[in-house]
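Chain and residue survey
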Amino acid sequence: MANYIAIDVGGTKIAIGAGNERGELNAVEFMATDPGWSQDEVLERIVRTADRMCQRLGLSTKDFSRVGLGTPGPLDGPVLLETSNLHGWKGLNWAEGLESRLKLPVSVENDATAAGVGEWCYGAGRGARDCIYVTVSTGIGAGIIANGMLYSGSRGNAGEFGHLVMDPDGVSCAAGHRGCLESLASGSAIGRNGRAQQQASEFLRKIARIEAKDVMNGYVAGDPICVNIIQAAADRLALGMSYLVNLFNPERIILGGGVGTHAPQSYRDRLMEGISRWALPALCETVRIVPAALGEDSGVIGALALAVTASS
Ligand SMILES: [Zn+2]
């Protein structure tokens with residue numbers, strides 16, 4: 001069986017794994033991301049960690065067929081463009097930098113696309129020809145599988161779902177727009193709304209530093225303020241998802257990310273109600289919303305799935 005190296009680059013940590021085409025990881029190593037590293041430094045550190053991992057497995061990089069890498073975007077193919085928290089890495093070419101050092105072909109996609117491919121191959125999207133992975137965590141993003149293939153767009157940036165403008169007069173986002181879906185329905189937005197209404201909520205009043213998960217807990221407990229915040233966020237997300245349903249006619253929407261994965265069934269029901277209200281009936285009949293199945297490994301399994309699908 002062929003072996004692959006999987007690299008999941010995040011703003012706080014980088015995970016490097018070794019796995020096979022069945023989606024099984026044999027090893028994973030983590031390193032904390034330091035945005036102060038130069039571009040050469042980050043590449044060298046990834047290569048050193050990959051070498052160490054291979055040695056532990058009794059292998060060398062020659063025993064691997066390909067590398068898959070998921071990275072925050074935006075991208076220009078394999079090249080990192082300006083990102084909000086990795087400024088010094090602007091212009092970093094992941095494919096060139098790692099191919100020259102590891103002597104292996106490297107497949108690069110943005111992190112939401114990678115996680116979507118992972119769920120499609122090995123998780124909640126298995127067997128689907130058309131499915132869309134939606135991550136709801138600090139931000140909101142999507143990975144699109146259409147016609148049985150991953151859809152990455154001309155430069156690798158398809159699925160910037162969180163930056164759909166829902167309210168042009170709304171709150172500003174980091175990319176400089178107003179009223180993006182992300183500023184209305186993400187974990188950050190839920191936490192911000194919870195903090196703003198803390199005094200009115202019996203549930204939130206006793207919490208020192210409110211985050212999205214606290215508001216979600218209050219929602220599950222039936223606190224009226226938390227219920228309002230979560231339902232309003234779900235309704236905005238459902239409106240956005242109704243556009244995805246009309247555009248792509250997916251059979252499944254896979255809900256991932258810290259907020260999305262752990263949200264209760266009632267939250268997914270609320271999303272489905274909104275989609276049924278706003279998308280065309282014929283398209284609503286076939287779509288289901290399911291929680292992501294890969295949990296905390298979704299990033300590195302997604303990177304593994306990129307390598308596997310690029311090789312098949
Ligand atoms: Zn935006």
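As a reminder, the structure under discussion sits directly above these lines.
What counts and how
- Residues numbered from 1 in each chain as written.
- Predicted model: local features only at pLDDT ≥ 70, side-chain atom pairs only at ≥ 80, totals over all residues.
- Buried ≥ 20, exposed ≤ 12 C-beta atoms within 10 Å, placed from the backbone.
- Helix = DSSP H or I, 4+ residues; strand = E, 2+ residues; numbered from the N terminus.
- Pairing = 2+ DSSP bridges.
- Axes fitted to C-alpha atoms, helices over the stretch in contact; angles between N-to-C directions.
- Contact = placed C-beta atoms within 7 Å.

Moving on, we come to the pairing of strand E8 (residues 131-136). Of all the 6 residues making up E8, 6 are buried; the element is thus mostly covered by neighbouring parts of the structure. Residues Cys131, Tyr133 and Thr135 of E8 are buried on one face, and the alternating residues Ile132, Val134 and Val136, pointing to the opposite face, are buried as well.

Let us look at helix H7 (residues 212-221). All buried positions along H7 are accounted for by Ala212, Asp214, Val215, Met216, Gly218 and Tyr219. Note on H7: the residue one or two positions beyond its end, Gly222, has a positive phi of about 90°.

What follows deals with unusual backbone geometry. In this model, Gly73 is joined to Pro74 through a cis peptide bond whose omega is 0°. Relative to the elements of secondary structure, Pro74 occurs in the loop between strand E4 (64-71) and strand E5 (75-76). Phi is positive for Lys103, close to 60°, though the residue is something other than glycine. Its identity as a non-glycine residue notwithstanding, Asn147 has a phi of 55°, on the positive side. Mapped onto the elements of the fold, Asn147 is located in the loop between strand E9 (140-146) and strand E10 (149-151).

Moving on, we get to the sheet that holds strand E11 (residues 252-256). Reading across the sheet, the 5 strands line up as E10-E9-E8-E11-E12 and stay open at both edges, with mixed pairing between neighbours. Of all the strands in the sheet, the pair left with one neighbour each is E10 and strand E12 (288-291). On average, each strand axis in the sheet is inclined to that of its neighbour by 25°, with strand direction left out of account. Relative to E12, E11 runs parallel, the two being bridged by 4 bridges. Residue pairing in the sheet places Arg252 in a bridge with Arg288 of E12.

Here we come to the sheet that holds strand E1 (residues 3-9). Sheet architecture is open: 5 strands sit in the order E3-E2-E1-E4-E7, paired in mixed fashion. Bordering the open sheet on either side are strand E3 (25-32) and strand E7 (106-110), each of which pairs with just one other strand. Here the strands of the sheet are splayed against their neighbours by 15° on average, with no regard to which way each runs. In the sheet, E4 pairs with E7 via 5 bridges, with the strands oriented parallel. From the neighbouring strand, Gly68 faces E7, where its bridge partner is Ser107. Where helix H1 (residues 39-56) meets the sheet, it contacts E1, strand E2 (13-20) and E3, and its direction lies at approximately 145° from that of E3.

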